[in-house]
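Listed below are the residues making up each chain.
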Amino acid sequence: MAEGDASGRPSWAQPAASGVEPAASGARSNGGELMVRALQREGVTHLFGLGGGHINPTWWAAQAAGLTIVDVRHEAAAAHAAEGWALATGEPGVCVVTAGPGLTNAVTGLANARSNGSPMVCLAGSATLRGQDAGEVEMFDQLEVARTVTKWARRIYHLDRIPEYVAAAFREARSGRPGPVYLEVPIDLIHSDIADNDVAFPSLLAPQRPGADATLIRRAAELLAAAARPAMVVGSGVWWSGAGAELRAFVEHTGIPVVTRQSARGTIPDDHPLCFGNDWQSVAYRADVLLVVGKQLDYFFGYGFFPHLDHLIQVDVNPLEIGRNRVPVSVGIVADAGSALAELTDATKPLATDEWVASLRRSADEVASAKRALARSEQVPIHPLRVCAELAALLRRDATVVADASNMLMWANAGLKAYEGGCLPAMSNLGCIGHGVGFALAAACARPDTQVVWLVGDGSFGFNAMELDTAARFHLPITTVILNNLGWSGAWVPLGVRHYERLAPGFDAVGTLVERPEELRPALEQALAAEGPSIVNVLVDPEPEYFPGRFLG
Amino acid sequence: MNADLVARARDGLPRRLNAGILMGDGGFCVLGWMLLTAGFHPITLYANTVGVADPGVGGPAVDVVARAYDLPRDAVVELARLNDATPREQRSAAVRARLDALLAAERADG
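Just so you know, the residues in each chain are numbered from 1, in the order the chain's sequence is written. Chain labels run from A onward and ligand labels from 1 onward, assigned in the order the entries are written. Owing to the predicted nature of the model, reporting of local features is limited to residues with pLDDT of at least 70; listing and counting of side-chain atom pairs is limited to 80 or more, with chain, interface and lining totals taken over all residues.

The subject of this paragraph is the overall build of chain A. We count a stretch as a helix when DSSP gives it H or I for four or more residues in a row; a strand needs E for two or more, and each element gets its number in order from the N terminus. When helices and strands are tallied, chain A shows 19 helices and 20 strands. The globule rule used here is 2.2 Å times the number of residues to the 0.38 power, and the radius of gyration it is set against is calculated over C-alpha atoms. Relative to a compact globule of 553 residues, whose C-alpha radius of gyration would be 24 Å, chain A shows 25 Å and is just as compact. Dimensions of chain A, computed from C-alpha atoms along their principal axes, come out at roughly 80 × 60 × 40 Å. In this scheme the burial state of a residue depends on its C-beta neighbours within 10 Å: 20 or more other such atoms mean buried, 12 or fewer mean exposed, and anything in between means partly exposed; the C-beta positions come from the backbone. Counting all 553 residues of chain A, 56% fall into the buried class. A pair of residues counts as a contact when their C-beta atoms, built from backbone coordinates, are separated by no more than 7 Å. Of the contacts formed within chain A by residues at least 6 apart in sequence, a portion of 74% connects residues at least 24 apart.

Structure (C-alpha cells):
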C-alpha cells in the first residue's frame, strides 16, 4: 500500500505540487492535471460532479487550479446541472463522474441533453485497461452505454492525447446540432504522469457560424413577401447560435409575428409586441407561410404537420432536420440560425402584417383574459395559475424559473413570461422529471445575484430533493416552489399530503406550507429573500379549471 | 357522422370535464375525451390545449375530431365552445345533451 499523509490520501495520488501551472522545464503532470489545463483552455470555470476514486486526480487538480467544483449528492443531478449550465450560458457544461454507477447514474442526464440538443461534456473515470474482463471493481462497458446517449463518446488510451481529446469533445459538443459528449479515462492512466514537454495542446477553434445559400435566402424572402399571414417559430438553434440580436432585428424589420420554443424562450422577450410567447399552435395553424428557425419538427411542434400551409420555410444547422417526418418544405436552408437571420433581414422587405398581427393579438388577449380570471382566483385549494401570478409579481426580468416537467411546464408557460434568453430553461424532450433542480443549481452558479426558482410538482420533487443540501452548502438561493396536488397527476396515483417544507430546517433553509391564497405572497417574499435555499409547499387544486385556449379557427 | 363513435363518446363521458385542455391535471375536455374514444392515446394529447401531436394525422384538435367522427367542423367548434362556456358543475351534462342532440338529428335524417 502506498504511504499516506495526514490527509488520508495515499501519496501517489496527491495533487502535484505544481498544480496546473504552465509547463516548466523538467515538470511532469498527471492525467488529472492535463485534463484540467485542457478544460481551462476551453473556458471552463465550474465542474458538477461527485467524487470517486477513479477521478480523484482530476478533482484535486481542479481544486488546485481554482475551478469551482459543485459536488452534488447524486450523479443524476451532476449531469442535469451540466446541461443546465449550457441552458443558462449557451456554453457547454461539464460534469465529472466516477466509474461504474457514477456513469449509470448520469445516463438520464446525458440522454436528456441528447434529446434536447444541449451541449455538455461528461468526464468519467473507468476501470484499468489491464482490468478489463478480470472482475475489477466498478467495471462494465461504459463506452458502449455512453454511445447510446451521447453525440460522441471516446476512451483515452494515451496520456499525451488528453488535451487533444478534450478539445475534440468541446468541438463535437458545440458543432452542428449541439449535444452531450462523453470522455472516459481509465484509472491507471489518469493517475500516471508524463513530462510536460511531451504534451502538445491543440489550437483553439474560434466559434463558427456557417452562412446560408444566397439563392435560397432570396427564395425564402420572396415567399414571405407574397404571404398574407406570415409567421415564424424559433427553437433552440437560436439560443445555441447566440442569435437573439439577429432574431430581434429580423422580426422588427419585417413585422413578422414570432413564437419562441424551448431554449429560444426569452431570446426575444414575451412582452415584445410581435412576440406571442410559446403558443405555436394559435399562430402556426393560422399562418399561410411559416418560417421555422432552429426548431425540430418533433412532438413538441406537431411533428411539423401543417397541411394548411402554402409554404413552409425551414432553417436548421443540421440538414437531417430539414423536412423531418416527410414534411414538405418549400425552402430548406442549412445554416446557422444567426447567420441565416442576418441574411434574411438584408433580403426581405418590411411585410404588411399589421392586420394579421392585430388579429393574433385579439385572440391572445382573449386567452390572457381567461388566464387572468384564474390567476385572481380565491379558491382553496389554490389554483396553480394563482401561484404563478403571485410569483410573477415578485420576479425581476432577469430571474430564472426552472419549470420541472409536464403540467409544471404548462402552468409556467401560461402564467410566467420569459424576458431574457436562458431564463426559462424549461425543457425535457426526453420527458424527465425532477431534473429541474440540476438546472437550478447551474443557473444559480452561472447567474449569481439573480433570482432562481425551481417550480416543481410534489411527485417530481422526490427525485432529487436531496440537492437542496448542495444548494445549502454552496449558499445558492434557490427558491423551490412545490405545486403540491397530492399525487402523480399524469398517472392519477395519489401521494397524499406530505409536509415537504419540513425538510428545509435540516438544511438551514426556510420552509413554508401554504394552504390559502392570501398566504402565498408573504411566503414567496420570505423565500425569495433567503440567502440560501428555501421551500414553499403550496397545496393546489388537483383538478384545476383550465383557460379556454383551443384553436377554433 | 360516425354515430356509433359519437354514441360511445357520449356513453363514456366523464362526470367532470375541464375547460380548454385536451388532457391534463384532473381529466379531459370534450375534445380530448372524443379523441381518446376515437383511439388517440394519451401521449398525443398530454398537456396540450389545442392540437394533437401525432405524425401524419395530427393538427388542430377541432379538425382532427371532425375527421375522426365525420362531423362538420362547425358542429365540433360549437361543442368545444359549449364545453368552455359552461360552468364546471353543469359542463358534463350540457355536453352530453349536445351529443344526444347530434345523434337524434342523425336518426331523424335517416
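Okay, back to it.
What follows concerns the overall build of chain B. A count of helices and strands for chain B gives 5 helices and 4 strands. Whereas a compact globule of 110 residues would reach a radius of gyration of roughly 13 Å, chain B reaches 13 Å, a difference of no more than 12%. Each principal axis of the C-alpha atoms in chain B carries an extent, and together these give about 35 × 35 × 20 Å. Here the analysis covers contacts within chain B between residues at least 6 apart in sequence; of these, 47% occur between residues at least 24 apart.

So, on to the interface of chain B and chain A. Tallying the contact residues gives 27 residues for chain B and 26 residues for chain A. Taken together, the elements giving at least two residues each to the side of chain B that touches chain A come down to β4 (59-60), α3 (61-69) and α4 (73-85) of chain B. Residue contributions to the side of chain B that touches chain A peak at 4 residues, all from α4 of chain B. Each residue belonging to the side of chain B that touches chain A can be placed in one class, and the counts come to 12 nonpolar, 10 polar and 5 charged. The nonpolar class holds Ala, Val, Leu, Ile, Met, Phe, Trp, Tyr, Cys and Pro. Asp, Glu, Lys and Arg form the charged class, and all remaining residues, Gly among them, are polar.

How big an interface is tends to be stated in terms of accessible area lost as the parts join. Residue and element names in this part refer to chain A. An automatic or database domain assignment is the source of the domain bounds shown. Each domain of chain A was delimited in the assignment, giving domain 1 (16-198), domain 2 (214-358) and domain 3 (376-539). One C-alpha centre belongs to domain 2, the other to domain 3; they are set 32 Å apart. Classifying every residue of the side of domain 2 that touches domain 3 gives 3 nonpolar, 6 polar and 3 charged.

Residues and elements named next belong to chain A. When DSSP finds at least two bridges between two strands, those strands are taken to pair. The strand order across the open sheet formed by 5 strands is β14-β15-β16-β20-β19, and the pairing between neighbours is parallel. Looking at strand neighbours, the two that pair on one side only are β14 (400-403) and β19 (510-514), the edges of this open sheet. Going from strand to strand, the sheet's axes swing by 15° on average, the running direction of each strand aside. Packing of helix α14 (residues 384-394) onto the sheet brings it into contact with β15 (452-457), β16 (478-484) and β20 (534-539), and relative to β16 it is tilted by some 160°. Interaxial angles span 0 to 180 degrees and are taken between N-to-C directions of axes, which are lines fitted to C-alpha atoms, for helices over the stretch in contact. Most of the contacts of helix α16 (residues 436-446) go to β15, to which it runs at about 175°, and overall it touches β14, β15 and β16.

This brings us to α16 of chain A. Most of α16 of chain A sits inside the fold, with 11 of its 11 residues counted as buried. Within the sequence span of α16 of chain A, burial applies to G436, V437, G438, F439, A440, L441, A442, A443, A444, C445 and A446 of chain A.

With that settled, consider the sheet that holds strand β9 (residues 230-234) of chain A. Residues and elements named next belong to chain A. Pairing in this open sheet of 5 strands is parallel, and the strands run β10-β9-β11-β12-β13 from one edge to the other. Edge strands, defined here as strands with exactly one partner in the open sheet, are β10 (258-260) and β13 (331-334). In this sheet, neighbouring strand axes are inclined to one another by 15° on average, regardless of whether the strands run parallel or antiparallel. In this structure, strand β12 (residues 311-316) lies alongside β13, joined through 4 bridges in parallel fashion. Bridging from a neighbouring strand, Q314 pairs with G332 of β13. The sheet contacts of helix α8 (residues 214-226) involve β9, β11 (289-293), β12 and β13, and relative to β13 the element is tilted by about 140°.

The next subject is α4 of chain B. Residue and element names in this part refer to chain B. The end-to-end C-alpha separation of α4 is 18 Å, in line with the 18 Å expected for 13 residues at 1.5 Å each. What α4 keeps buried is the set V76, L79, A80, N83 and D84. Looking straight down α4, one finds that the buried residues subtend no more than 130° of arc, so they occupy a single side. In α4, those exposed residues whose orientation departs by more than 90 degrees from the buried face are D74 and A85. Along its buried surface, α4 packs onto α2 (30-37), α3 and α5 (88-108). What a helix is expected to span follows from its residue count: subtract one and scale by 1.5 Å. This arc describes the spread of directions from the helix axis toward the C-beta atoms.

Residues and elements named next belong to chain B. On average, residues of chain B score 93 in pLDDT, and 99% of them reach the 70 mark or higher. One number per residue, pLDDT, summarises how confident the predictor is, and it ranges from 0 to 100. For chain B, the element scoring lowest by mean pLDDT is strand β1 (residues 23-24), at 86; helix α1 (residues 3-11) scores highest, at 98. Overall fold confidence for the complex sits at a pTM of 0.93, while the interface term, ipTM, reaches 0.89.

We now examine the nonpolar core. Residues and elements named next belong to chain A. By size, the foremost hydrophobic cluster in this structure holds 214 residues, and its most contacted members are C95 and C122. Top contributing element to this core by residue count: helix α3 (residues 75-89), with 10 residues. Excluding residues that lie within four positions of it along the chain, C95 makes contacts with F48, G49, A78, A79, A81, A82, A106, M120 and C122. The term nonpolar core refers to a set of buried Ala, Val, Leu, Ile, Met, Phe, Trp, Tyr and Cys residues connected through C-beta atoms within 7 Å.

Let's shift gears to the packing of helix α1 (residues 31-41) of chain A against helix α6 (residues 162-174) of chain A. All names here are of chain A. Relative orientation of the contacting elements α1 and α6 amounts to 40°, with a least axis distance of 9 Å. α1 and α6 meet at a crossing whose hand is right-handed. Listed contacts from α6 to G31, L34, M35, A38 and L39 of α1 are I162, P163, V166 and A167. Of the residues assigned to the contact of α1 with α6, the class counts are 8 nonpolar, 1 polar and no charged. When the near helix sits turned anticlockwise from the far one by under a right angle, the crossing is termed left-handed; a clockwise turn instead gives a right-handed crossing.

Moving on to unusual backbone geometry. Residue and element names in this part refer to chain A. Put simply, V380 and P381 share a cis peptide bond, and its omega is 0°. By the secondary structure assignment, P381 is in the loop between α13 (354-375) and α14. Positive phi outside glycine occurs at Q262, with the angle close to 50°. Checked against the element boundaries, Q262 lands in the loop between β10 and α11 (280-284). Even without a glycine there, the phi angle at Y303 is positive, about 55°.

Attention now goes to the pairing of strand β7 (residues 180-186) of chain A. The side chains of a regular strand alternate between the sheet's two faces. Residue and element names in this part refer to chain A. For β7, the tally of buried residues reaches 7 of 7 residues, placing the bulk of the element in the interior. For strand β5 (residues 120-126) and β7, the ladder comprises 7 bridges, and the chain directions are parallel. Directly across from M120, in β7, lies its bridge partner P180. Of the pairings in the sheet, the one linking strand β6 (residues 152-155) to β7 comprises 4 bridges and is parallel in character. Residue pairing for β7: R154 is matched across the bridge by L183. Orient the strands so they point away from the viewer, and a crossover whose first-strand-to-second-strand path over the helix runs clockwise is right-handed. Note that the unit made of β6, α6 and β7 has a crossover that is right-handed.

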